[in-house]
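Breakdown of the fold
So the chains spell out like this:
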Amino acid sequence: MTETRDESHRMKNAQLPKPRAILFDWDNTLINNWPAIHVALNTTLAAMGHPTWSYKETLQRVRASLRDSFPIMFGDRWLEAQDIYYKTFEARHLDGLAEKPGAGDMLRALAKAHINLGVVSNKTGRFLRKEAQYLGWNSLFSQLVGAADATRDKPDPAPVIMALAGTGITPGPNVWFVGDAGIDMRCAYNSGCTPILIGEADPQTAEFNDCAPAAHVADCLAFQQLVI
């Protein structure tokens with residue numbers, strides 16, 4: 001009998017290693033802060049004499065950290081662009097900050113189940129930690145690692161190693177890396193962790209050709225049900 005895609009998906013999920021630790025991406029995985037990112041990015045692009053992006057383009061293009069992407073976008077003027085972006089983003093990033101549906105309840109349930117939780121994000125570390133504090137989530141995570149906190153940014157394994165420091169847990173299959181984009185799955189592969197895709201992205205697209213997720217869930221509630 002031919003397996004349906006759903007049956008195959010369930011079989012794949014049943015083979016997942018039990019997580020000792022779960023590392024989450026931040027933006028579009030646990031929270032939504034895209035309006036502030038979009039405004040800050042377009043303010044920067046306009047100031048630097050570049051065409052601005054549509055909101056859809058921002059959602060599709062923003063993946064790498066600022067220190068990895070801005071030198072490519074702005075060349076020798078990237079530090080100038082960085083200052084404009086930081087000033088604009090810092091003025092508004094808490095105003096429109098919202099958790100993804102069910103994210104807080106999911107995190108509290110996972111913490112109650114004694115699973116070590118951390119964050120590995122390409123958002124600048126000081127902004128990441130301010131947002132976690134604003135949401136009252138700081139105590140749920142052993143580490144919140146943002147861009148420029150480690151020697152290299154995601155998808156390099158350096159921030160994963162930093163996020164697990166002091167936990168007694170080393171990167172491996174029993175560490176799940178959860179995110180909404182190919183760069184998250186690539187980071188999981190690079191660090192030897194189990195890649196879990198969350199959200200609306202289609203894992204069959206080219207973005208995931210060489211970094212297919214071990215499982216794909218629609219939202220935070222579905223992820224919680226996958227774990228506990």
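Residues numbered from 1 in each chain as written. Predicted model: local features only at pLDDT ≥ 70, side-chain atom pairs only at ≥ 80, totals over all residues. Heavy atoms only, no water.

Structural notes on the packing of helix α2 (residues 34-47) against helix α5 (residues 78-90)
Between α2 and α5, whose axes approach to 8 Å, the crossing angle comes to 145°. In this structure, the crossing between α2 and α5 has a hand that is right-handed. Residues A36, I37, V39, A40, L41, T43, T44 and A47 of α2 form the contact with α5, whose participating residues are A81, I84, Y85, T88 and F89. Classifying every residue of the contact of α2 with α5 by side-chain character gives 10 nonpolar, three polar and no charged. (Axes fitted to C-alpha atoms, helices over the stretch in contact; angles between N-to-C directions. Helix = DSSP H or I, 4+ residues; strand = E, 2+ residues; numbered from the N terminus. Left-handed = near helix turned anticlockwise from the far one by under 90°. Contact = heavy atoms within 4.5 Å. Nonpolar A, V, L, I, M, F, W, Y, C, P; charged D, E, K, R; others polar.)

Concerning the pairing of strand β5 (residues 143-147)
Most of β5 sits out of view: four of its five residues are buried. Here four bridges tie strand β4 (residues 116-124) to β5, and the two strands are oriented parallel to one another. Following the sheet pairing, V119 is matched in β5 by L144. Handedness of the β4-helix α7 (residues 125-135)-β5 crossover: right-handed. (Buried < 20%, exposed > 50% of the residue type's maximum accessible area, 1.4 Å probe, protein only. Pairing = 2+ DSSP bridges. Right-handed = clockwise from strand over helix to strand, strands pointing away.)

Overview of unusual backbone geometry
In this model, K154 is joined to P155 through a cis peptide bond whose omega is 20°. For P155, the location among the structural elements is in the loop between β5 and α8 (158-164). Of note in the backbone geometry, N28 takes a positive phi value of approximately 70° without being a glycine. Secondary-structure assignment places N28 in the loop between β1 (21-24) and β2 (31-32). You will see that H114, though not glycine, has its phi angle at about 65°, which is positive. Position of H114 relative to the elements: it lies in the loop between α6 (103-112) and β4.

Remarks on the pattern of salt bridges
One pass over the full model with this rule turns up 12 salt bridges. Residues D184 and K154 are paired through a salt bridge, measuring 2.7 Å at the closest nitrogen-oxygen approach. Here D184, found in helix α9 (residues 182-191), pairs with K154, found in the loop between β5 and α8; they are 30 residues apart in sequence, far enough to count as distant. The exposure class of D184 is buried, given its relative accessible area of 1%. Given a relative accessible area of 2%, K154 falls into the buried group. (Salt bridge = Lys/Arg side-chain N within 4 Å of Asp/Glu carboxyl O.)

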